[in-house]
Amino acid sequence: FLTPGNLAHHLITRGLLSSDSIVDGDFAVVEAGRRNRNFKVIRSLGGLFVKQVKFVRPEAIVTLHREAAFHQLLQSRKRSDSLMSVIPPLIDYDPATYSLAVELIPDGEDLAGYHVRLREFPESAGELGGRALGIFHSETGPLLREPGVLNVVSREPPWIFTLDPQTLSPLTTMDNPGDQLGAMLRAMPDLLALLVSLRYEWQYDSLIHGDMKWENCVVVPKSGGRPGLCLVDWELVSVGDPSWDVGAIFTSYLLYPIFTAQANAGSSPDRLLAEAQPALQRMRPALAAFWREYVRTRQLND
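Everything quoted here is computed from the prediction, not taken from an experiment. (Residues numbered from 1 in each chain as written. Predicted model: local features only at pLDDT ≥ 70, side-chain atom pairs only at ≥ 80, totals over all residues. Heavy atoms only, no water.)

Chemist: Honestly, the sheet that holds strand E5 (residues 99-103) in this entry has me stumped. Any pointers?
Modeler: Pairing within the open sheet is antiparallel, and its five strands lie in the order E1-E2-E3-E5-E4. On the outer flanks of this sheet lie strand E1 (28-31) and strand E4 (90-94), each paired with one strand and no other. Direction aside, neighbouring strands of the sheet carry axes that sit 20° apart on average. Docked against the sheet, helix H3 (residues 58-75) engages strand E3 (48-52), E4 and E5, running at close to 135° with respect to E4. (Pairing = 2+ DSSP bridges. Helix = DSSP H or I, 4+ residues; strand = E, 2+ residues; numbered from the N terminus. Axes fitted to C-alpha atoms, helices over the stretch in contact; angles between N-to-C directions. Contact = heavy atoms within 4.5 Å.)

Right under this line is the structure:
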């Protein structure tokens, strides 16, 4: 496993770092782990974001390989400048250590930290998200017409659309969270019926990120100009319905005031809604800006 202590040796072995950089003090490592072992490698010639699976399990290895294969697919084709501006390039993939390295976004800040720091929901951030997601969906669409792409990127619906309305499988395999959600759905048969009906509206007409959330949207500061936004963490990329990614961004906005209210008001649904209302109202312009910019970038009709 990679650690701050052995990461330099790994990078030198992979040809990504010179011993001179270490001797000259042009090398620093910052741990940034969440679901994986993540490290930010900071150096003057351009940093790296190194990711390695935390546990050697088939599902973790598969998703990391999927991310690397997606990057390699993009880099094997001629990409537009706009697409390159929203997806950081892959620098290295090492299947022997189940790790990869992508270009580090200098001074990048994910939208979760950005909104927490500002304690506001700027319309400009919504616009950046709508533009970046619109570019990704539009620019990668032609890849679906190429033979062999499905060998690289899977074609599968989200697990919720495989839900059996009688047994509620696969919720029954998810222990306590599955039990709670299953009980809620049994108490709300109309919601269960709507979820089941949605599976027939799912379309396979785009590459989708599959895990769109604030933490995977990184604001890129630009000196003297408008900031940009990059989309990161492509482990769940697949062929599917772009509305899933759009809805996931709306979810990030809606969850933030609810979780914040929960910390202040406990778990009473009525109190949660009352506490969340001011933030929900303040974020409406940002949500509208996100949607308008996404529609404009994708050139969608009415």
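Chemist: Teacher, can you tell me more about the environment of Pro147 here?
Modeler: Locating Pro147 in the fold gives a position in the loop between helix H6 (123-140) and helix H7 (175-187). With 135 residues separating them along the chain, Pro147 and Arg282 place their C-alpha atoms 46 Å apart.

Chemist: Teacher, can you tell me more about the sheet that holds strand E8 (residues 217-220) here?
Modeler: Pairing between sheet strands relies on hydrogen bonds along the backbone, with the strands arranged either parallel or antiparallel. Pairing within the open sheet is antiparallel, and its three strands lie in the order E6-E8-E9. The two strands at the open ends of the sheet, each matched to only one other strand, are strand E6 (109-110) and strand E9 (228-231). Note that E8 and E9 share four bridges and pair antiparallel. Directly across from Val218, in E9, lies its bridge partner Cys230.

Chemist: Can you walk me through the environment of Glu146 in this structure?
Modeler: By the secondary structure assignment, Glu146 is in the loop between H6 and H7. Distance in space between the C-alpha atoms of Glu146 and Lys222 is 35 Å, their sequence separation being 76 residues. Reaching out from Glu146, the side chain makes a polar contact with the side chain of Arg77 at a distance of 2.6 Å. (Polar contact = N/O pair within 3.5 Å; in protein donor to acceptor, adjacent residues only side chain to side chain.)

Chemist: Looking at this structure, how should I read the packing of H7 against helix H8 (residues 189-198)?
Modeler: In a pair of packed helices, the angle between the axes and the distance between the axes together describe the arrangement. Running from N to C, H7 and H8 point in directions that differ by 105°, and their axes come no closer than 5 Å. Overall, the two elements H7 and H8 adopt an arrangement that is roughly perpendicular. On H8, the residues that touch Met184, Leu185, Arg186 and Ala187 of H7 are Pro189, Leu191, Leu192 and Leu195. (Parallel < 35°, antiparallel > 145°, perpendicular 65-115°, else oblique.)

Chemist: Looking at this structure, how should I read the layout of surface pockets?
Modeler: The calculated volume of the largest pocket comes to roughly 910 Å³. Secondary-structure elements contributing two or more residues to the lining of the largest pocket are helix H5 (111-118) and helix H9 (242-265). Looking at the lining of the largest pocket element by element, the count peaks at 11 residues for H9. Partitioning the lining of the largest pocket into residue classes produces 19 nonpolar, five polar and five charged. (1 Å grid on protein atoms, 1.4 Å probe; cavity = no way out; pocket = protein on both sides within 12 Å on 5 of 7 lines; lining within 4 Å. Points joined across faces, edges and corners; volume = space filled by probe spheres on them. Nonpolar A, V, L, I, M, F, W, Y, C, P; charged D, E, K, R; others polar.)

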